[in-house]
Amino acid sequence: MSIEAVDVIAAPAAAIVALDPVRSRMLAELRQPRSATELARALGLPRQRVHYHARQLEAQGLVTGAGERRWGGLTERLLVATAEAYLVSPEVLGAAAARPSPDERPDRLSAAYLVAVAGRAVQEVGALLRRCRETGQQAETFALDAEITFSTPAARADFARDLAEAVTAVIARHHVEGPAGRRHRLVVGAYPIPQSAPADAGPSREQSHG
């Protein structure tokens, strides 16, 4: 079967199951097909307990069967995670989830606003991924990821102003009015990189996904 690179968990019940410490470790171990015996050995747990947690994961569609294997005269069922990595969507929190307010002028220098925008992106792109899996179509997405070092807070403010002006000009050249086109959402964010994050080999990096 095809294993997804990333799955966005949108159901509260699935999120509860996946966030259990033992089950999250199992999902990491199950990036490759394993039997309950192998999982029990890797996690240092009784096999009965592994079976219990595996049933919970499988019931939520986070783990699936991956065939069988003969070992020592016995037939073992193999399990595999449905994705290599998982992300929990803010929508599992319902009305308590952070989201950009449509009625207020946003403070574009606010960290809270950036978090709300990022959460909305996770929710919307997660829904897009699910639709693409159902239809077999390719997601029309693009991502830009770059690092930049500012000498002073004033330099950062100047960059934010210049970037906003440049992006606004690009949007003006390509945006079309009317119902004929397909709407896309553009998100550009910047934030200080945590000191624990590894440094890039060069001054910037970019990634795009088609």
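Residues numbered from 1 in each chain as written. Predicted model: local features only at pLDDT ≥ 70, side-chain atom pairs only at ≥ 80, totals over all residues. Heavy atoms only, no water.

Draft legend 1. Looking closely at the overall build of the chain. Scanning the chain for helices and strands turns up six helices and five strands. Counting only C-alpha atoms and orienting by the principal axes, one finds that the chain spans roughly 70 × 45 × 35 Å. A burial count over the chain gives 21% of its 210 residues as buried. Accessible surface, the chain: about 15,000 Å² in total, of which carbon and sulfur atoms supply 55%. (Helix = DSSP H or I, 4+ residues; strand = E, 2+ residues; numbered from the N terminus. Buried < 20%, exposed > 50% of the residue type's maximum accessible area, 1.4 Å probe, protein only. Areas by Shrake-Rupley, 256 points an atom, 1.4 Å probe, with all protein chains shown as cover.)

Draft legend 2. Expanded view of the side chain of S35. For S35, the location among the structural elements is in strand 2 (residues 34-35). In this structure the side chain of S35 is engaged in a polar contact, spanning 3.3 Å, whose partner is the side chain of E76. (Polar contact = N/O pair within 3.5 Å; in protein donor to acceptor, adjacent residues only side chain to side chain.)

Draft legend 3. Spatial organisation of the packing of helix 2 (residues 21-29) against helix 4 (residues 47-59). Packing of helix 2 against helix 4 leaves a shortest axis separation of 10 Å and a crossing angle of 80°. By the angle between their axes, helix 2 is roughly perpendicular relative to helix 4. Of the residues in helix 4, those touching helix 2 at V22, R23, M26 and L27 are R49, V50, Y52, H53, A54, Q56 and L57. (Axes fitted to C-alpha atoms, helices over the stretch in contact; angles between N-to-C directions. Parallel < 35°, antiparallel > 145°, perpendicular 65-115°, else oblique. Contact = heavy atoms within 4.5 Å.)

Draft legend 4. Quick look at the sheet that holds strand 3 (residues 63-71). Strand order in this open sheet of three strands is 2-4-3, and the pairing throughout is antiparallel. Each edge of the open sheet is held by one strand with a lone partner, namely strand 2 and strand 3. As paired elements, strand 3 and strand 4 (residues 74-81) share seven bridges and run antiparallel to each other. The residue bridging W71 from the neighbouring strand is L74, located in strand 4. (Pairing = 2+ DSSP bridges.)

Draft legend 5. Summary view of the environment of A15. Positionally, A15 belongs in helix 1 (residues 12-19). On the accessibility criterion, A15 (4% relative accessible area) is buried. Setting aside residues up to four positions removed in sequence, A15 forms contacts with I9, V88 and V92.

Draft legend 6. Layout of the pairing of strand 4. In this sheet, strand 4 lies alongside strand 2 in antiparallel orientation, the contact comprising two bridges. Opposite S35, over in strand 4, you have L78 as the bridge partner. Hairpin connection from strand 3 to strand 4: two residues lie between these consecutive antiparallel strands, with G72 at a positive phi of about 60°.

Draft legend 7. Quick peek at helix 2. What helix 2 keeps buried is the set V22, R23, M26 and L27. For helix 2, the angular spread of buried residues about the axis comes to 140°, placing them on one side. Where helix 2 begins, the capping side chain belongs to D20, and its oxygen is found 3.0 Å from the backbone nitrogen of V22. (Arc of directions from axis to C-beta.)

Draft legend 8. Representation of the nonpolar core within the structure. In this structure, M26, L27, V50, L57 and L62 are the most contacted members of the largest nonpolar core, which totals 21 residues. Sorting the residues of this core by element identifies helix 1, helix 2, helix 3 (36-43), helix 4 and strand 4 as the ones contributing at least two each. Those residues within four positions of L27 in sequence are excluded, and the remaining contacts are A18, L57, L62, V63, A81 and Y86. (Core = buried A, V, L, I, M, F, W, Y, C linked by side-chain atoms within 4.5 Å.)

Draft legend 9. Region of the structure containing the pattern of salt bridges. The final tally for this structure, using the stated rule, is eleven salt bridges. R185 is paired through a salt bridge with E124; the nearest N and O atoms lie 2.8 Å apart. On the criterion of sequence distance, the pair formed by R185 in the segment after helix 6 (153-174) and E124 in helix 5 (residues 111-135) is long-range, its members being 61 residues apart. (Salt bridge = Lys/Arg side-chain N within 4 Å of Asp/Glu carboxyl O.)

Draft legend 10. Quick peek at the side chain of E76. By secondary structure assignment, the location of E76 is in strand 4. In this structure E76 comes out as buried when scored by relative accessible area, which is 10%. A polar contact is formed between the side chain of E76 and the side chain of T37, at a distance of 2.9 Å.

Draft legend 11. Representation of the packing of aromatic side chains. Applying the stated rule across the entire model yields one aromatic pair. Between F150 and F159, the aromatic rings sit 5.1 Å apart at their centres with planes inclined by 55°, giving tilted as the arrangement. (Phe/Tyr/Trp six-rings, centres within 6.5 Å; stacked < 30°, edge-to-face > 60°.)

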